[in-house]
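Summary of structural features
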Amino acid sequence: MSVLDTIVGPADLRTLTTAQLTELAAEIRERLVASVAANGGHLGPNLGVVELTMAIHRVFESPADRIVWDTGHQAYVHKMLTGRAGEFATLRTEGGLSGYPCQAESEHDWVENSHASTSLSYADGMAKANAILGKDDHVVAVIGDGALTGGMAWEALNNIAADKSRKLVIVVNDNGRSYTPTVGGLANHLTSIRTNPRYEPTLHAIKERLNRTSRVGPVAYDALHAIKKGIKDVLAPQGMFEDLGIKYLGPIDGHDLESVELALTRAKKFNGPVLVHVLTTKGHGYDIAVNNENDQMHQANPFDRHTGEAISMAPAGWTSVFRDEIVRIADERPDIVGITAAMLYPVGLDAFADKFPDRVFDVGIAEQHAVTSAAGLAMGGLHPVVALYSTFLNRAFDQVLLDVALHKCGVTFVLDRAGVTGDDGASHNGMWDMSLLQIVPTLRLAAPRDGAQLREQLREAVDVSDAPTAVRFAKGPVADDLVALERIGSFDVLSRDDAKDVLIVAIGSLAHTCVEAAEILRSAGHGVTVADPRWVKPLDSELIAMAADFGLVVTVEDNGRNGGVGSMFTQALLDADINTPIRVHAVDQQFYLHAKRAVILERLGLTPTAIAADTEAVLNANAARSGNIGVI
């Protein structure tokens, strides 16, 4: 039996010999590579925290000592060491282990949120609760240098430093990267610590030299320690943390288990807020990951572990369409600039940045700053394109509303991974954006159905200079282009019959689903028209008026039901005194467990067969109520 398979819980780590710990680290890395190669997931970050995680669980006593991971994608090793190593092959599969901490899986998992920069606030609250309740337990927050660029982390640090008695240990996992190399002044500061080898050797050399002088040497060395902080500020500039009132330990080699344990043990004994600065390498122990220039296999699709190459090439995705088109637009318009929050490659701004490096700004994990900075760029005469995952726009809603829209700033938001995303669980689903953005005055919201429409509507969006615009699209491969029969106003008619039994309003990437549902209904004898609004805010008044001619309106979207397009369409019909019945197909606003996007959509009834069956049932019920028994 392997050492890893003997680990039932963290306490088992404390009985292992040095040789067994070395073997355990190797076995963990082997299992990480094997499981992620099969299922996909976050490989690089977890390979980098093997020794760090082992040390945390050897020094602290989870779950009494609470460990909070920021973000949770670096918690795979934590899962293995808390009794889940035997299940690790099920990682990110339906019914298996989540790719993030999960309270339902283990008492050792506290925070499930996969949004960055939150751990210190959770830890601050937990430490306050411990103090009020008289508990003597510690709280450990593990935060990456990338997440430390988020403003929320600094708000928490300011509060943590206010109470010198809280038993709170902050572990900065400094690998110089989030998805890609960490940017900004803080990153430069940490780099200066990470790359400055002078402090400890210099202090040691001075001590050795002075102690050779038996009478004055020790006294001089004591005096030297009295001015230690001044030397530290010069040779290892960690003064920024100590000036806040937070004890600083480091930098520590994060792959030297003994050194990390020693630092954490010292931090634990301090009985106040301590920051332990640990240096790690993403992908450590797997050269293919370390040498991956893009992101050191931060997040990998299933791959051949011997080469690192993806097992299969995914078809062209929505992001690639945006990547190509934004470069074309930037070629034509020198006023176009790009902004991303530490996700240059995932959101498709990398090609823009390669061609026009002075016109793309990576602000770090700082969505609020990104949006208000975009407002400033617009006020300065440029047109910013802010590219984010849809779920991360939630963090900057106030800025969209009051910093951009209130000031009539021409800013375009490009929302990748909108709708149901699936594999990464509840906090990555982008099913909130259309509900949130519907309430922003003057904002115009596009939901393209295919690649051609993404290109066209992106261009329409950046042409708006007096209000914010947003373009949202789904995760995964982009569907074949659906050519419209006709454009009326701003909406497209995708298919049409002479009979007007049903009007299907097809939103975004579900347009193909709606066209297929229409074919099923036609085969049952119903007349169906499928319309794509293209711009779902504001809805075209001509589309609303068209609904009066039909027996039933059906809306289909992969956004939350409350406040979504179907909800707005219903309100628009009421406002126009149109009495046509309406059926809304959308996502129930719940927190969904991880599964493939297609699986979740099927469960929600967002498939051609389910939509057609529901529509026919409604038509039959309406006919029965009107006294016309049978299918109409």
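Everything in this summary refers to the structure shown in the same document. (Residues numbered from 1 in each chain as written. Predicted model: local features only at pLDDT ≥ 70, side-chain atom pairs only at ≥ 80, totals over all residues. Heavy atoms only, no water.)

Let us look at the overall build of the protein chain. Assigned secondary structure in the protein chain consists of 25 helices and 18 strands. Within the protein chain, the fraction of its 632 residues that count as buried is 57%. Long-range contacts, defined here as pairs at least 24 residues apart, represent 76% of the contacts in the protein chain between residues at least 6 apart. When the accessible surface of the protein chain is summed, it comes to about 25100 Å², and 53% of that surface belongs to carbon and sulfur atoms. (Helix = DSSP H or I, 4+ residues; strand = E, 2+ residues; numbered from the N terminus. Buried < 20%, exposed > 50% of the residue type's maximum accessible area, 1.4 Å probe, protein only. Contact = heavy atoms within 4.5 Å. Areas by Shrake-Rupley, 256 points an atom, 1.4 Å probe, with all protein chains shown as cover.)

The subject of this paragraph is the pattern of salt bridges. Tallied over the entire structure, the rule returns 39 salt bridges. A salt bridge links Arg583 to Asp614; the shortest N-O distance between them is 2.8 Å. Of this pair, Arg583 sits in strand E18 (residues 582–587) while Asp614 sits in helix H25 (residues 608–625), and the two are 31 residues apart along the sequence. Connected through shared salt-bridge partners, Arg449, Asp450, Glu456, Glu460, Arg487, Asp492, Asp532 and Arg534 make up one network. (Salt bridge = Lys/Arg side-chain N within 4 Å of Asp/Glu carboxyl O.)

Following both chains from N to C, one finds helix H3 (residues 50–59) and helix H4 (residues 76–84) inclined at 40 degrees, their axes separated by 9 Å at the closest point. With respect to their mutual orientation, H3 and H4 come out oblique. As for the relative orientation of H3 and H4, their crossing is right-handed in sense. Along its contact with H3, which presents Val50, Thr53, Met54 and His57, the element H4 presents Val77, His78, Leu81 and Thr82. For the contact of H3 with H4, the residue count by class is four nonpolar, four polar and no charged. (Axes fitted to C-alpha atoms, helices over the stretch in contact; angles between N-to-C directions. Parallel < 35°, antiparallel > 145°, perpendicular 65-115°, else oblique. Left-handed = near helix turned anticlockwise from the far one by under 90°. Nonpolar A, V, L, I, M, F, W, Y, C, P; charged D, E, K, R; others polar.)

Mapped onto the fold, Asp65 is located in the loop between H3 and strand E1 (66–70). Once the C-alpha coordinates of Asp65 and His138 are considered, the two residues, 73 residues apart in sequence, prove to be 4.8 Å apart. Those residues in contact with Asp65, other than ones at most four positions away along the chain, are Phe60, Asp137, His138 and Lys268.

For the rest of this paragraph, the subject is the packing of aromatic side chains. Two aromatic rings are characterised by how far apart their centres lie and by the angle between their planes. Scanning the entire structure with this criterion turns up seven aromatic pairs. With 6.0 Å between their ring centres and 85 degrees between their planes, Phe352 and Phe356 make a pair best called edge-to-face. The same class applies to Phe352 as to Phe356, namely buried. Every member of this aromatic cluster is reached through a ring pair, and the members are Trp318, Phe322 and Phe473. Against the face of Trp110 rests Arg66, its NZ or CZ located 4.3 Å from the ring centre. Across from the ring centre of Phe356, 4.3 Å away, lies the NZ or CZ of Arg359, which sits over that ring. (Phe/Tyr/Trp six-rings, centres within 6.5 Å; stacked < 30°, edge-to-face > 60°. Lys NZ or Arg CZ within 6 Å of the ring centre and 35° of its normal.)

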